[in-house]
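Examining the three-dimensional arrangement
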Amino acid sequence: MLGELDLDKKLKRKEWQQRRVVLQERCRALLAAAAEAGIPLMIVFEGWDAADIGSSITLLSECADPARCKIWRVRAALPAERNYPWMWRFWCKLPGRGEVALFDRSWYRRVLAERLEELVPEPELPRAYRDIVEFEQMLAADGYLLLKYWLHISRAERKRRLSALAERPAGRNLPFEEDVLSYGYSAYLQAAEEMLQHTAHEQAPWHLVEADNRPYAWWRVLSTAAEVLAQRLPQAKGAYS
Amino acid sequence: MPVLSQINLNRTLSAAAYTAQLGPIRATLNRLCSRLAEEGRPLVIVLEGWDSTLREELVKCLGEHLDASCYTVHRIADFTEEDASRHYLYPFWRRLPPRGYIAVFEQSWYRRVLGERVAGLWPEEVWRRAYREINQFERQLTDFGTLVLKFWLYGPDPEPDPAVRVLRELAAEEMLLKTSTLNAPWVIVEGRDLNWARLKVLRAVAELSGRAAEGGLPPSATTEEAPEEAARRKARKRPGKM
């Protein structure tokens, strides 16, 4: 599935700068309409450690009403969070009607990082997939809108970005070390492929984004969001497209 | 086949018999909190029934016999705006007890298929879907090792309107049929006699925790990571490895 993506897709920076203004304006209008309609929106980002999820989240959050938008940076569960069923910490992060929640990594950690770190025993894996799909279907049935992105980069691009990050002068480094995978590219790739297969369902399909070229990825993320929102808001479609 | 109509509602228990029978389970109830902590299990107790006075009496009774340091009561009347603006299971997820703690829900997620159904708040497909969602929710709790005890307080319905009473009976019947699962069964507390009801509830709590301790229930989930294992994992992890 991921192997078929064409990672050579590119967008020139200059062209991106031109498109960005229009696209963000459109997203802003659509997000406002979604808030007006009382739709709770959950946008999930998963992908490689160097896929630069942060910049895509920033672009989207710039379009949302800051008072009604939260960004959740999901990393390993805290000791206190381990005293509850694993989904507990995500239920606690649910947005209210008309609010937006952006997830920089999400409940999918369970079947990616936590699986590879052997925190989830293999026999429990089918249960994790089931819990995830049930969770998303429950929310969708209740009117939640879920948008799931997988930001994909090639092995070579990842290597290049990680060494560039490591060479940055100290102090200017983002605290990226904790995000860097402690297992190989192919192990993570395999887990990701499996995850995409088991958790794509009608109410919450995955949007695969070719992210080797940053401007292209940004454009894809924003235009997909606009497309999905416009579909969901037929009345808004006429007004904003 | 209707379950509820076959229940004997005339059970009573004298005060003396109540005290006598309570004796042996007192010790179990006293140790309940430390036992839950040792096993790393949370305990969720649900009290549902049309008679709010009876519900409150049983909340009081549980409070008298359980250690307040590990015990919380949640009433849906206390829910906030934040709870109301989200998925209907959200307020309950948010209020789940951690390992070693007990939460008593005086009315619960079942309100969707009981009171809200009878009141006609939702189209049929919404409350129908809730049976499945509730079972999924409770299965996630018990997968984790949570003990789930659900009491249906079945006595004379205080509702004056006979037409509503019929709807309520129907809703209760269907709820019991669709949500009595092996991992989270309903316990029916019959009649209006307070001593009988108290003893039945306390005994069920004591018995369930006893059964868990004897290994009659699946162990609690192993998401807990020992500190030394975490340290080892950190050491294994080399940033920048490609």
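Anything mentioned here points back to the structure above.
Treat the numbers as computed from the prediction; the structure is a model and nothing was measured.

Let us now look at the sheet that holds strand β5 (residues 186–190) of chain B. Residues and elements named next belong to chain B. The strand order across the open sheet formed by five strands is β2-β3-β1-β4-β5, and the pairing between neighbours is parallel. Two strands close off the open sheet at either side, each with one partner strand: β2 (71–75) and β5. In this sheet, neighbouring strand axes are inclined to one another by 20° on average, regardless of whether the strands run parallel or antiparallel. The sheet contact formed by strand β1 (residues 43–49) and strand β4 (residues 147–154) spans seven bridges and is parallel. Looking across to β4, one finds that Leu47 is bridged to Phe151. Relative to β1, helix α2 (residues 52–65) is tilted by about 155°, and along the sheet it contacts β1, β2, β3 (102–106) and β4.

What follows covers the packing of helix α5 (residues 125–141) of chain A against helix α6 (residues 124–144) of chain B. Packing of α5 of chain A against α6 of chain B brings their axes to within 11 Å, and their N-to-C directions diverge by 145°. Of the two possible hands of crossing, α5 of chain A and α6 of chain B adopt the one that is left-handed. Contact residues: α5 of chain A offers Arg127, Asp131, Glu134, Met138 and Ala141 of chain A, while α6 of chain B offers Arg129, Glu133, Gln136, Gln140 and Asp143 of chain B. Of the residues that constitute the contact of α5 of chain A with α6 of chain B, the class distribution is two nonpolar, two polar and six charged.

Moving on, we get to the environment of Arg161 of chain A. One can find Arg161 of chain A in helix α6 (residues 155–167). For the pair Arg161 of chain A and Ala35 of chain A, spaced 126 residues apart in sequence, the C-alpha to C-alpha distance is 36 Å.

The end-to-end C-alpha separation of α6 of chain B is 31 Å, in line with the 30 Å expected for 21 residues at 1.5 Å each. At Tyr131 of chain B, α6 of chain B shows its maximal bend, which comes to roughly 30°. Of all the positions in α6 of chain B, only Trp127, Ala130, Glu133, Ile134, Phe137, Glu138, Gln140, Leu141, Thr142 and Phe144 of chain B are classed as buried. Turning to α6 of chain B, the residues buried within the fold contact α5 of chain A together with β1, α5 (115–118), β4 and α7 (162–179) of chain B.

Definitions and limits used
- Throughout this document, residue positions are counted from 1 along each chain, in the order its sequence is written.
- Ligands are numbered from 1 and chains lettered from A, in the order in which they are written.
- In keeping with the model being predicted, local features are shown solely for residues with a pLDDT of at least 70 and side-chain atom pairs are shown and tallied solely at 80 or more, while totals for entire chains, interfaces and linings include all residues.
- Think of it this way: DSSP has to see at least two bridges between two strands before they count as a pair.
- By the criteria applied, helices consist of DSSP H or I runs no shorter than four residues and strands consist of E runs no shorter than two, each listed in order from the N terminus.
- With axes taken as lines fitted to C-alpha atoms, and helix axes fitted only over the stretch in contact, angles between N-to-C directions fall between 0 and 180 degrees.
- Whether two residues are in contact is decided by their C-beta atoms, placed from the backbone, lying within 7 Å.
- The hand of a helix crossing depends on one turn: near helix anticlockwise from the far one by less than a right angle means left-handed, and clockwise means right-handed.
- In this classification, Asp, Glu, Lys and Arg are treated as charged, Ala, Val, Leu, Ile, Met, Phe, Trp, Tyr, Cys and Pro as nonpolar, and every other residue, Gly included, as polar.
- What a helix should span is 1.5 Å times the count of its residues minus one.
- For a residue, the bend is simply the angle between two axes, fitted respectively to the seven-residue segment ending there and the seven-residue segment starting there.
- In this scheme every C-beta is placed from the backbone, and a residue whose C-beta has 20 or more other C-beta atoms within 10 Å is buried, one with 12 or fewer is exposed, and one in between is partly exposed.

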